Amino acid sequence: MLESSVKVLKEGLMEKRSDGLLQLWKKKRCFLTEEGLLLHPPKQHDQQQHQNHHQITASEPGKIKELLFSSMKTVDCVERKGKYVYFTVVMAEGKEIDFRCPQDEGWNAEITLQMVQYKNRQAILAVKSTRQKQQHLIVAHGHNIIKNSLA
């Protein structure tokens, strides 16, 4: 059993276009987290409705699709038509996943905002890591200069 304590930023229903020949719209229970988007079949959510929203538990991990921000390239808003907004999540490997949701729920904006925040956090960590490595090299180089001058 997969159990993970994750901060859920937004939860609700969206529809994902199936990969099959007919490309039918299938409802998914979605959880937006700081790391990405989790897609559950609606049936799975109904069984878990009584559980804490900050804990996502899955008895069948194969049924959960995880779209991590680390693997996302962009979120493209395709169109607003009728009561729906249609958008595409483009993954780093080029795969495109189509979604639709009611316009007033703003899933596309929320996903985009969280993806940008995730990418910003990663960039800040990369800069800090580079600076720490540079400082370590400067200190190590400084010690070598002092050792050589004392020898």
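Residues numbered from 1 in each chain as written. Predicted model: local features only at pLDDT ≥ 70, side-chain atom pairs only at ≥ 80, totals over all residues. Heavy atoms only, no water.

The chain is annotated in an unreviewed UniProt entry as Pleckstrin homology-like domain family A member 1 of Huso huso. UniProt, in its Subcellular location (unreviewed entry) section for the chain, records the words "Cytoplasm". (UniProt positions renumbered as here; feature names shortened; annotations may be inferred.)

A.B. asks: Where do I start with the overall build of the chain in this structure?
C.D. replies: When you go through the chain residue by residue, the secondary structure sums to two helices and nine strands. Going residue by residue from the N terminus, the α and β elements of the chain occur as β-β-β-β-α-β-β-β-β-β-α. Residue burial in the chain is summarised as follows: out of 151 residues, 32% are buried. Sequence-distant contacts in the chain: of pairs separated by 6 or more residues, those separated by 24 or more amount to 48%. Summed over all atoms, the accessible surface of the chain reaches about 10,100 Å², with 52% contributed by carbon and sulfur. (Helix = DSSP H or I, 4+ residues; strand = E, 2+ residues; numbered from the N terminus. Buried < 20%, exposed > 50% of the residue type's maximum accessible area, 1.4 Å probe, protein only. Contact = heavy atoms within 4.5 Å. Areas by Shrake-Rupley, 256 points an atom, 1.4 Å probe, with all protein chains shown as cover.)

A.B. asks: When you look at the state of the cysteines in this model, what are you seeing that I'm missing?
C.D. replies: Simply put, disulfide is the name for a covalent bond between the sulfur atoms of two cysteines. Summed over all chains, the structure comprises zero disulfides. This cysteine, Cys 77, is not joined by any disulfide, and Cys 101 carries the nearest cysteine sulfur, 8.9 Å off. The class of Cys 101 is buried, set by a relative accessible area of 1%. (Disulfide = S-S within 2.5 Å.)

A.B. asks: Looking at this structure, how should I read the pattern of salt bridges?
C.D. replies: When charged atoms on two side chains of opposite charge get close, those side chains can pair. Per the counting criterion, the structure on display carries three salt bridges. Between Glu 15 and Arg 100 there is a salt bridge whose closest N-O contact spans 3.1 Å. Linking Glu 15 in strand β2 (residues 8–17) with Arg 100 in strand β9 (residues 96–102), this pair joins segments that are 85 residues apart in sequence. Taking the relative accessible area as the measure of exposure, Arg 100 reaches 15% and is therefore buried. A salt bridge links Arg 17 to Asp 98, with the nearest nitrogen and oxygen atoms 3.4 Å apart. Taken together, the residues span a long stretch of sequence, with Arg 17 in strand β2 and Asp 98 in strand β9 at a distance of 81 residues. Judged by its relative accessible area of 23%, Asp 98 is partly exposed. (Salt bridge = Lys/Arg side-chain N within 4 Å of Asp/Glu carboxyl O.)

A.B. asks: Sorry if this is basic, but what is going on with the nonpolar core here?
C.D. replies: The nonpolar side chains of a soluble globular protein tend to be buried with one another. Core analysis: the largest hydrophobic core is formed by 20 residues, its most contacted members being Met 14, Leu 37, Phe 87, Phe 99, Trp 107 and Ile 111. Mapped by element, the contributors of at least two residues to this core are β3 (25–33), β4 (36–40), β7 (72–81), β8 (84–91), β9 and α2 (107–150). Residues in contact with Phe 87, not counting those within four places in the same chain, are Met 14, Val 75, Asp 76, Cys 77, Val 78, Ile 97, Asp 98, Phe 99, Cys 101, Trp 107, Asn 108 and Ile 111. (Core = buried A, V, L, I, M, F, W, Y, C linked by side-chain atoms within 4.5 Å.)

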